[in-house]
Amino acid sequence: MMNKQEAIFKYLVRLGDCALIHGHRLSEWCSRGPILEEDLALTNMALDNIGRAQAFLKYAAEVQGNGLSEDDLAYKRDERAFYNNLLTELPIGDFAFTIAKQLLLSVFENIQMQALCKSADATIAGIAAKSHKEVRYHLTHARDWTMRLGKGTLESNTRLQQAFNQLWMYTGELFEMYEEDAILNKQGIAIDLNELKTPYYNTITSILNDSNIKMPVADYMQTGSRKGIHTEYLGHILSEMQYLQRAYPDAKW
Amino acid sequence: MESVIVSSDFQSKIDQDANIEPKDSMPDAYREHLIRQISQHAHSEVIGMQPEGNWITRAPSLRAKQILLAKIQDEGGHGLYLYSAAETLGISRDEMIRQLHSGKAKYSNIFNYPALTWADIGAIGWLVDGAAIVNQVSLQRTSYGPYARAMVRICKEESFHQRQGYEIMTKMMNGTEAQKQMAQDAMNRWWWPSLMMFGPHDSDSPHSGNAFTWKIKRKSNDELRQKFIDKTVQQAEVIGLTIPDPELRWNETKQMYDHGEINWEEFKRVINGNGPCNRQRMEHHMHVHAEGAWVREAAEAYAKQQH
Amino acid sequence: MDTQLDLWEVFIQGKSGGNYTHAGSVHAADSNMALQNARDIYTRRNEGSSIWVIPSKYVVASNPEDADMLFDPANEKIYRHPTFYVMPEGAKQI
Ligand SMILES: [Fe+2]
Ligand SMILES: [Fe+2]
């Protein structure tokens, strides 16, 4: 059984890792946007995410209290100790895939961060308040593009539909609760993810309907990240991201 | 007859240091010169995102990653400001991109060199942005209004670019032996290409006559290059980096540094397409442009339905 | 065919209450996209509190050759400025 400190640590790392890996993927769009303006938009969102990762991981390191920094957590942890949702680590794919991913994540984060603003932990509430503003913008951006691609051309509609179909099985995990949630929910620090489910799927349904996208069918939901079990993609992200820190362990950058 | 009137009126404006604005009459050659220069400048900002972008996913700390992302994002923004400025001259961005892809329009040679190690990110910020800033500061007073205004905005944003690069180099020079070697190696590879950024010697500069009369260019290639060398040598010394030029020495009478000759062979070879990354950079840009076509078409189709 | 979407002019208000100043242009297919692009490109350093975007095709500029006709006549109308008037000595707060 984990104690409260361990529970907070794990919870913060979950939040931090989601933002870190999501931001990492978004940053891969740099110099690859469909139009220069969009390149800047995607890197802006990458920056929001990495900033949020830094805030949550910094707090996680403080809670852990063994002298490690947010960078140690980001750059020196092994794959099995990462707790980001699987959805964040999937490759960027084409622009439709990224937009679908953005929509599925930002609708979730919008309600998640809003709820976390009321966390009994003031630091979490503070980071959530700042993040909520950013995520609202991500959601607007993703919703507008979902409409454009969904209703634009046959090709864009087909690509977007395929993207939602492929990503759908990773949405269930967003609501999965684990040991740490049980401990922290009681104290009002974490939030009951079950309560987010209905507003989440309602919002997604209405946006997809407005965009001529059919609701994907949920016959199976892939999970695993709460236990640190990931897709094969995460290992590659980490071997790239952590390369310098691992290759030169005594160097400071 | 008409064109004579236009150009004498135009030249008197220039001589009074007045800015030329988009709707003012201007000689065709002035317009063409500007389109060539501004679009080349815009393409450089955009192509320059590639070598630095090569390190975003490998940046060694969360701080470094954010700085680098914000920096590269700025460069994209600079490309945009400059495309905007060129568009006021009656050329579309679409046409500028076509000219880039056909080889008619160029971009700065410097981005045809590879960013191989993390120290290269330091060297690019410190030396490449450093050299660009020297040039851009002088362009804030260029005669074409939209170009000058874009330059003012760009210079304001550039101020952190050189610092972040120098900070990376400083940290590495204060670090482990391996880091120091990496930094010096980057210095060795980026120094000469940075000096080439200012272009050929004034004596071999084919277009500069008109550019000075029209006050598009305010300082000569050699003047700007000298300015860059003079301020950079001291910065290298402070952190213990050696400038890879055995002929570099302080000239007490001229109160400036003498330096060795640039390898103009290499300069010409890279400009003519045979640098280490020319093909890679263009292929990347063309590929991304083609990949994005269906997205842009969808956005246009959607916008049409809204009316 | 042009592949770069439509051109929009961007005006930024720095602080609430201030003038909207022309910042530059962006390419976008629709007004939402134009606003978002303008935000991401021209307000990255807190430069803005509000944004206008206007399709560039609707911007009409005065002709530079008409500048003397349009603007010089105003030079003569000095009575529009408070300094034109002679106030008696000793009058306060006027
Ligand atoms: Fe720049
Ligand atoms: Fe720069």
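You'll find the structure just up there.
Residues numbered from 1 in each chain as written. Chains lettered and ligands numbered in written order. Predicted model: local features only at pLDDT ≥ 70, side-chain atom pairs only at ≥ 80, totals over all residues. Heavy atoms only, no water.

Asker: Lay out the interface of chain A and chain C with the relevant residues and their values.
Answerer: Between chain A and chain C, the contact holds 12 residues from the first and 13 residues from the second. Surface buried jointly by chain A and chain C totals about 1,200 Å² across both partners, of which 51% is contributed by carbon and sulfur atoms. Taken as a group, A:I35, A:E37 and A:Y137 account for 47% of the area that chain A buries against chain C, more than any other trio of residues on that side. For the pair chain A and chain C, the number of links is 1 salt bridge. Linking chain A to chain C there are 7 residue pairs in polar contact (both at pLDDT 80 or more). Elements that contribute at least two residues to the side of chain A that touches chain C include exactly helix 2 (36–64) and helix 6 (122–151) of chain A. Counting residues per element, the side of chain A that touches chain C draws most heavily on helix 6 of chain A, which supplies 6 residues. Here the side of chain A that touches chain C is composed, by residue class, of 5 nonpolar, 3 polar and 4 charged. (Contact = heavy atoms within 4.5 Å. Buried area = accessible area lost by both parts, 1.4 Å probe. Salt bridge = Lys/Arg side-chain N within 4 Å of Asp/Glu carboxyl O. Polar contact = N/O pair within 3.5 Å; in protein donor to acceptor, adjacent residues only side chain to side chain. Helix = DSSP H or I, 4+ residues; strand = E, 2+ residues; numbered from the N terminus. Nonpolar A, V, L, I, M, F, W, Y, C, P; charged D, E, K, R; others polar.)

Asker: For the coordination of the iron ion (ligand 1), give the residues involved together with the corresponding values.
Answerer: Ideal geometry at a metal centre: 109.5 degrees between donors when four sit tetrahedrally, and 90 or 180 degrees when six sit octahedrally. Residues and elements named next belong to chain B. Here the iron ion (ligand 1) is held by the protein donor atoms E45 (OE), E75 (OE), H78 (ND1) and E158 (OE), which lie 2.0 to 2.3 Å from it. Coordination at the iron ion (ligand 1) comes from 4 donor atoms whose angles at the metal span 80 to 169°, giving a geometry best classed as irregular. Here the iron ion (ligand 1) and the iron ion (ligand 2) are spaced 3.3 Å apart, and both take E75 as a donor. Within this pair, whereas E75 is found in helix 4 (residues 62–87), its partner E158 is found in helix 7 (residues 145–173), the two being separated by 83 residues in sequence. Here E158 falls in the buried class, since its relative accessible area comes to 2%. (Donors = N, O, S within 2.8 Å, 3.2 Å for Na, K, Ca; no water. Tetrahedral: all angles 85-135°; square planar, octahedral: opposite > 155°, others 65-115°. Buried < 20%, exposed > 50% of the residue type's maximum accessible area, 1.4 Å probe, protein only.)

Asker: How would you summarise the side chain of B:S44 if you had to cite specific residues and measurements?
Answerer: In this structure, B:S44 sits in helix 2 (residues 28–47). Sequence-distant contacts of B:S44, defined by excluding residues within four places in its chain, comprise B:Y107, B:S108 and B:F111.

Asker: Quick one: what's the story with the interface of chain A and chain B, residue by residue and with numbers?
Answerer: Between chain A and chain B, the contact holds 49 residues from the first and 43 residues from the second. Between chain A and chain B, the buried area comes to about 4,000 Å², and carbon and sulfur atoms account for 70% of it. Area buried by chain A at its contact with chain B is led by A:L36, A:L47 and A:W253, which between them contribute 17% of it. Where chain A meets chain B, there are 1 salt bridge. The shortest N-O distance in the salt bridge between A:E37 and B:R93 comes to 2.8 Å. Put simply, chain A and chain B have 16 residue pairs in polar contact (both at pLDDT 80 or more) between them. Of all elements in the fold, only helix 1 (4–27), helix 2, helix 3 (70–76), helix 5 (95–116), helix 6, helix 7 (154–167), helix 10 (233–241) and helix 11 (243–247) of chain A reach the threshold of two or more residues within the side of chain A that touches chain B. Counting residues per element, the side of chain A that touches chain B draws most heavily on helix 2 of chain A, which supplies 12 residues. By residue class, the composition of the side of chain A that touches chain B is 23 nonpolar, 12 polar and 14 charged.

Asker: Quick one: what's the story with a nonpolar patch on the surface, residue by residue and with numbers?
Answerer: Residues and elements named next belong to chain C. A grouping of I78, Y79, F84, Y85, M87 and I94 is seen on the molecular surface, where their side chains present a nonpolar patch of about 660 Å² in accessible area. Structurally, M87 is set in the segment after helix 2 (67–76). By relative accessible area, which is 44% here, M87 ends up partly exposed. (Patch = residues over 30% accessible without salt bridge, like charges linked within 9 Å, V, L, I, M, F, W, Y side chains within 5 Å. Areas by Shrake-Rupley, 256 points an atom, 1.4 Å probe, with all protein chains shown as cover.)

Asker: Describe the pattern of salt bridges, with residues and values.
Answerer: Going through the model one piece at a time under the given rule, you end up with 36 salt bridges over all chains. A salt bridge links A:R14 to A:E180, with the shortest nitrogen-to-oxygen separation between them at 2.7 Å. Placement of A:R14 in helix 1 and of A:E180 in helix 8 (residues 179–186) is noted, with a sequence separation of 166 residues between them. Residue class for A:R14 comes out buried when judged on its relative accessible area of 7%. The salt bridge involving B:D24 is made with B:K13; its shortest N-O contact spans 3.5 Å. Here the residue B:D24 occupies a position in the loop between helix 1 (2–15) and helix 2, and B:K13 occupies one in helix 1, the gap between them amounting to 11 residues. The structure contains a network of salt bridges with shared partners spanning A:K10, A:R14, A:E180 and A:D181.

Asker: Quick rundown of the packing of aromatic side chains? Include the residues and the values.
Answerer: Between two aromatic rings, the relevant description is the distance of the centres plus the angle of the planes. A full pass over the atoms with the stated rule returns 23 aromatic pairs over all chains. Ring plane angle 65° and centroid distance 4.7 Å describe the contact between B:F10 and B:Y30, whose orientation is recorded as edge-to-face. Of this pair, B:F10 sits in helix 1 while B:Y30 sits in helix 2, placing them 20 residues apart in sequence. Each member of the pair, B:F10 as well as B:Y30, is classed as buried. An aromatic cluster of three or more residues is present, and its members are A:F108, A:W168, A:F175, A:Y200 and A:Y201. Above the ring of B:W55, the side-chain terminus of B:R58 is found at 3.7 Å from the ring centroid. (Phe/Tyr/Trp six-rings, centres within 6.5 Å; stacked < 30°, edge-to-face > 60°. Lys NZ or Arg CZ within 6 Å of the ring centre and 35° of its normal.)

Asker: Talk me through the environment of A:G23; I want residue IDs and the actual numbers.
Answerer: Residue and element names in this part refer to chain A. Looking at the element boundaries, G23 is found in helix 1. Given a relative accessible area of 0%, G23 falls into the buried group. When the C-alpha positions of G23 and G51 are compared, they lie 8.9 Å apart, and in sequence the two are 28 residues distant. Discounting chain neighbours no more than four positions away, the residues touching G23 are A46, N49 and I50.

Asker: Talk me through the pairing of strand 2 (residues 20–28) of chain C; I want residue IDs and the actual numbers.
Answerer: Inspection of the sheet shows strand 1 (residues 6–13) of chain C paired to strand 2 of chain C by 8 bridges, in the antiparallel sense. From the neighbouring strand, C:L7 faces strand 2 of chain C, where its bridge partner is C:H27. (Pairing = 2+ DSSP bridges.)

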